[in-house]
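Coordinates in review
Residues per chain, in single letters:
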Amino acid sequence: MKLAILSESPADEAALRVLVEYVLGSPFDLAAPALRARGWPSVEQVLPFVLRHLHFQTDAERLVVVVDSDDSPVHTGEHEAPGYHHPLCRICRLRAVFRRTLKNLPPAGGRRRVLRAVGLAVPAIEAWYLCGRDTSVTESAWMDGQRSGRPPYTRRELKWRVYGTDRPSLPFEIERAVQEVTRHRGDVRRLENDFPNGFGALGRDLRLADPAH
Ligand SMILES: [Zn+2]
């Protein structure tokens, strides 16, 4: 399996390489190294170019894209209804970019199109790093906070809990990210349980031979 990963930072990419392998249950080859954008909305803006590049210039079979939700709405089961599109949901928006970009591309490199695997870290990827270690950090806790207007934690607090600072150096960020996600080796059920929407969507895409765009 040849995959590409589009993420917000080298630390995110390091963590995603580990997590994607755990979901797939086997190692994979990275078809295009270091595809990066600096946060939202830059990921959405570069995605069409990245997809065309992968389609025509590489043998990537699938592109993994993960972004932080920040304060945007969380993608839920309701968004999965056929034809539904939430204009502010980042998963719905990224899926729409996949659809629009790939719709009219001719087959290339022996495949019809680059497959999709889109995930959403709610509210930031540090929440995934704390999964199983800090039980107060879950998607439902965050979504309850969105409804009530009282967030259970801030993104800055999550960084403090993971790194002991909100401004970690890149090497330390990578080290901590990999340390924490490695706890899920061989079993990502806790992540799928505590983050059923954003991590769940990534896992479901990765397991589908051909997620409907
Ligand atoms: Zn959505």
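Structure first, text after, so check above.
What you see is a predicted model, and the numbers here were worked out from it, not measured in a lab.

The rules behind the values
Residues numbered from 1 in each chain as written. Predicted model: local features only at pLDDT ≥ 70, side-chain atom pairs only at ≥ 80, totals over all residues. Heavy atoms only, no water. Phe/Tyr/Trp six-rings, centres within 6.5 Å; stacked < 30°, edge-to-face > 60°. Helix = DSSP H or I, 4+ residues; strand = E, 2+ residues; numbered from the N terminus. Buried < 20%, exposed > 50% of the residue type's maximum accessible area, 1.4 Å probe, protein only. Core = buried A, V, L, I, M, F, W, Y, C linked by side-chain atoms within 4.5 Å. Contact = heavy atoms within 4.5 Å. Pairing = 2+ DSSP bridges. Axes fitted to C-alpha atoms, helices over the stretch in contact; angles between N-to-C directions.

**Description of the packing of aromatic side chains**
Tallied over the entire structure, the rule returns two aromatic pairs. Taking 5.0 Å as the distance between ring centres and 90° as the angle between the ring planes, the aromatic pair formed by Trp128 and Phe199 counts as edge-to-face. A residue pair is termed long-range when its members are at least 10 positions apart, and Trp128 in helix α4 (residues 125-130) and Phe199 in helix α9 (residues 198-207) qualify at 71 residues. You'll find Trp128 and Phe199 in the same group, each marked buried. Aromatic pair Trp142 and Tyr153: ring centres 5.8 Å apart, planes at 25°, arrangement stacked. Residue Trp142 is found in helix α5 (residues 139-148), and its partner Tyr153 is found in the loop between α5 and α6 (155-163); the two are separated by 11 residues along the sequence. This pair shows no difference in class: Trp142 is buried, exactly as Tyr153 is.

**Focus on the nonpolar core**
In a soluble, globular protein the nonpolar side chains are often hidden away together inside. Counting residues in each nonpolar core, the largest one holds 65 residues, and the members touching the most others are Leu47, Leu54, Leu63, Val64, Trp128 and Phe199. When residues in this core are grouped by element, the largest group, seven residues, is from helix α1 (residues 10-24). Residues in contact with Leu54, not counting those within four places in the same chain, are Ala4, Ala32, Leu35, Ala60, Leu63, Arg111 and Val114.

**Focus: the sheet that holds strand β2 (residues 29-36)**
Note on sheets: strands pair through backbone hydrogen bonds, and any given pair is parallel or antiparallel. With parallel pairing, four strands are arranged side by side in an open sheet as β2-β1-β3-β4. Looking at strand neighbours, the two that pair on one side only are β2 and β4 (115-121), the edges of this open sheet. Averaged over all neighbouring strand pairs, the angle between strand axes comes to 15°, with direction disregarded. Alignment of strand β1 (residues 2-7) against β2, held across five bridges, turns out to be parallel. Of the residues in β2, the one forming a bridge with Leu3 is Leu30. Along the sheet, α9 contacts β3 (62-68) and β4; its crossing angle with β4, the most-contacted strand, is approximately 165°.

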